[in-house]
Amino acid sequence: MPWLFFALALGAILIAFKTFSIGVAAVCLLAALGLSIAGALNLASARISNQSQNPARMLDAKALEAIRKRAAADKAAAEAAMTDASDADAASSTQMAGAEPNPR
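K.L.:
For the overall build of the protein, give the residues involved together with the corresponding values.
P.N.:
Tallying secondary structure elements over the protein gives 3 helices and 0 strands in all. Of the regular secondary structure in the protein, the N- to C-terminal order runs α-α-α. When the 104 residues of the protein are sorted by exposure, 8% land in the buried category. Total accessible area on the protein is roughly 8,800 Å²; 67% of this is exposed by carbon and sulfur atoms.

Printed below as a string of structure tokens:
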């Protein structure tokens, strides 16, 4: 469809160059300008609509809440694992500090 606007604009320019009347030439040049702008806006609109997201693919509020809860649970589990690992490292270093050296 946008190419139709550009073809009509080209036709209006050709008419403006072929006519002997200043008024017809001015009207044709204004029509060519308007059709060119309409074609450019139509191309931009088509490109924007192709880049937009499909609303059917969007998640609903319940699914988002479930994802957030799962992420929070995973984060809490990771923090608990890190805390347990650091406690185990601290306990083993305390045991080694209290051990007596080998008397050999």
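The rest of the description comes next.
K.L.:
Got a sec to walk through the packing of helix α1 (residues 2–18) against helix α2 (residues 22–51)? Specific residues and values, please.
P.N.:
In contact at an axis separation of 8 Å, α1 and α2 are set at 165 degrees when each is read in the N-to-C sense. Taken together, α1 and α2 sit at an angle that is classed as roughly antiparallel. The two elements α1 and α2 cross, and the hand of that crossing is left-handed. Contact residues: α1 offers Pro2, Trp3, Phe5, Phe6, Leu8, Ala9, Ala12, Ile13, Ile15 and Ala16, while α2 offers Ala25, Cys28, Leu29, Ala31, Ala32, Leu35, Ser36, Ala38, Gly39, Ala40, Asn42 and Leu43. Tallied by class, residues from the contact of α1 with α2 come to 19 nonpolar, 3 polar and no charged.

K.L.:
Lay out the packing of aromatic side chains in plain terms, naming residues and giving numbers.
P.N.:
Summed over all chains, the structure comprises 1 aromatic pair. Measuring from centroid to centroid gives 5.6 Å for Trp3 and Phe6, while their planes differ by 50 degrees, and the two rings are tilted. Of this pair, Trp3 and Phe6 both sit in helix α1, separated by 3 residues, roughly a single helical turn. Residue Phe6 is classed as partly exposed on the basis of its relative accessible area of 26%.

K.L.:
For α1, give the residues involved together with the corresponding values.
P.N.:
With 17 residues, α1 ought to run about 24 Å at 1.5 Å a step, and its terminal C-alpha atoms sit 25 Å apart, in line with that. Along α1, the residues that are buried comprise Pro2, Ala9, Ala12 and Ala16. The buried residues of α1 all sit within an arc of 75 degrees when viewed along its axis, so they share a single face. Opposite the buried face of α1, by more than 90 degrees, sit the exposed residues Trp3, Leu10, Phe17 and Lys18. Along its buried surface, α1 packs onto α2.

K.L.:
Describe the nonpolar core, with residues and values.
P.N.:
Judged by nonpolar contacts, Ala9, Ala12, Ala16, Ala25, Cys28 and Ala32 together constitute the single largest core of 6 residues. For this core, the secondary structure elements donating two or more residues are α1 and α2.

K.L.:
An account of α2 is requested, with residue identities and associated values reported.
P.N.:
At 3.6 residues per turn, the α-helix brings residues three or four places apart onto the same side. Along its 30 residues, α2 runs 44 Å from first to last C-alpha, staying within 8% of the 44 Å computed at 1.5 Å per residue. Turning to α2, its buried residues number three or more, namely Ala25, Cys28, Ala32 and Gly39. Considering only its buried residues, α2 is in contact with α1. For α2, the N-terminal cap is Ser21; the gap from its side-chain oxygen to the backbone nitrogen of Gly23 is 3.4 Å.

Rules used in this analysis
Residues numbered from 1 in each chain as written. Predicted model: local features only at pLDDT ≥ 70, side-chain atom pairs only at ≥ 80, totals over all residues. Heavy atoms only, no water. Helix = DSSP H or I, 4+ residues; strand = E, 2+ residues; numbered from the N terminus. Buried < 20%, exposed > 50% of the residue type's maximum accessible area, 1.4 Å probe, protein only. Areas by Shrake-Rupley, 256 points an atom, 1.4 Å probe, with all protein chains shown as cover. Axes fitted to C-alpha atoms, helices over the stretch in contact; angles between N-to-C directions. Parallel < 35°, antiparallel > 145°, perpendicular 65-115°, else oblique. Left-handed = near helix turned anticlockwise from the far one by under 90°. Contact = heavy atoms within 4.5 Å. Nonpolar A, V, L, I, M, F, W, Y, C, P; charged D, E, K, R; others polar. Phe/Tyr/Trp six-rings, centres within 6.5 Å; stacked < 30°, edge-to-face > 60°. Expected span 1.5 Å × (residues − 1). Arc of directions from axis to C-beta. Core = buried A, V, L, I, M, F, W, Y, C linked by side-chain atoms within 4.5 Å. Polar contact = N/O pair within 3.5 Å; in protein donor to acceptor, adjacent residues only side chain to side chain.

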